[in-house]
Structures are given as C-alpha cells and as structure tokens.
Amino acid sequence: MALASRERPDAAVLDLRMPKLDGIEAARRIYAERPIPIVMLTAFSDRSHVDRAIEAGVFTYLVKPFRESDVVPAVKAAVARHAELLQARRAIGEKPLRPIVIGLSSPSGHKWPPLRMSRRDDGSIGVDPA
C-alpha cells in the first residue's frame, strides 16, 4: 500500500496471498485511492476469490501455474480494459444532462415543493427548488 501510494504506478501486479494484507484488500485500497489497472496472480481459482477480486477492481486474474510469457499479455489486457473504462466514463460525463424535476409526496398525502436536479459546471449535481 505504501509503495503504491508513494510511487503512483501506472499498473499493479499483486499476489492474492501477501504478508500483512490480502491481495484482494490491497487491490481494493489501491483502486479506491487511485484507479489503475490491477492484475492478480494467484493459485486460487475458485469462484469466490475471482468474484471478490473483480469486485475489488482487479482487471485481470492470472492463475498459477502460469508461464512467464503469460504475464505481459495479462498486464497489457488489463491496461487496455482500464483505458476503455476511463474513456467510457469520460464520454458519459461529457454528455449534457437535462434537468430533472422531481415531485415528492408522503404516504399520508403531504406534498413537498418539487426539486430540480441538474449537473453544475464543476460536474457536481445541484438540487434546488423547482
């Protein structure tokens, strides 16, 4: 964690079993701090580990035993998928959003004034009376 925070790598290659911190938790923390492509190397191929790794932000999961020549393509694939994800997120963020007006009422029939939700110039969402 300290190494990733200090060095700010473009990608990370982790083992699931590491001293002090599980590789899946390390991936989760690294990705939360700075989203980068992460490759998990491990001897565990069960669905539980794979699903947890994917949920933590792992882009490629390589099961041991593997050949040394398998690592570079796995890292390249993770970097490419990560770039596609970032590009898709940017494209969504660039689309202008029309304001949405929401009317609120309680089960007892009380009605509150409607609210207008819109994207501000800084990218945040504004919620104002309509």
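Throughout, residues of each chain are indexed from 1 in the direction in which the sequence is written. Per-residue local features of the predicted model are confined to residues with pLDDT of at least 70, and side-chain atom pairs are confined, for both listing and counting, to 80 or more; whole-chain, interface and lining totals are unaffected and use all residues. Just so you know, side-chain values use all the structure's heavy atoms and leave hydrogens and water out.

Pairing analysis gives five bridges linking strand 5 (residues 111-119) to strand 6 (residues 125-129), with the strands arranged antiparallel. Residue pairing for strand 6: Arg 119 is matched across the bridge by Ile 125. Two strands form a pair only when DSSP identifies at least two bridges running between them. For the purposes of this entry, the term helix denotes a DSSP run of H or I that reaches at least four residues, the term strand denotes a run of E that reaches at least two, and both are numbered from the N terminus. Hairpin connection of strand 5 to strand 6: five residues between the antiparallel strands, including Gly 123 at a positive phi of 95°.

What the three strands build is an open sheet, ordered 1-2-3; its pairing is parallel. Each edge of the open sheet is held by one strand with a lone partner, namely strand 1 (12-15) and strand 3 (60-63). When strand polarity is set aside, the average angle formed by the axes of neighbouring strands in this sheet is 20°. With four bridges connecting them, strand 1 and strand 2 (residues 38-42) associate as parallel partners. Pairing of Ala 12 across the sheet is with Ile 38, part of strand 2. We call two residues in contact whenever any of their non-hydrogen atoms come within 4.5 Å of each other. Fitted lines through C-alpha atoms give the axes, limited to the stretch in contact for helices. The angle between two N-to-C directions lies from 0 to 180 degrees. The strands touched by helix 2 (residues 23-33) within the sheet are strand 1 and strand 2, with strand 2 carrying the most contacts at an inclination of about 175°.

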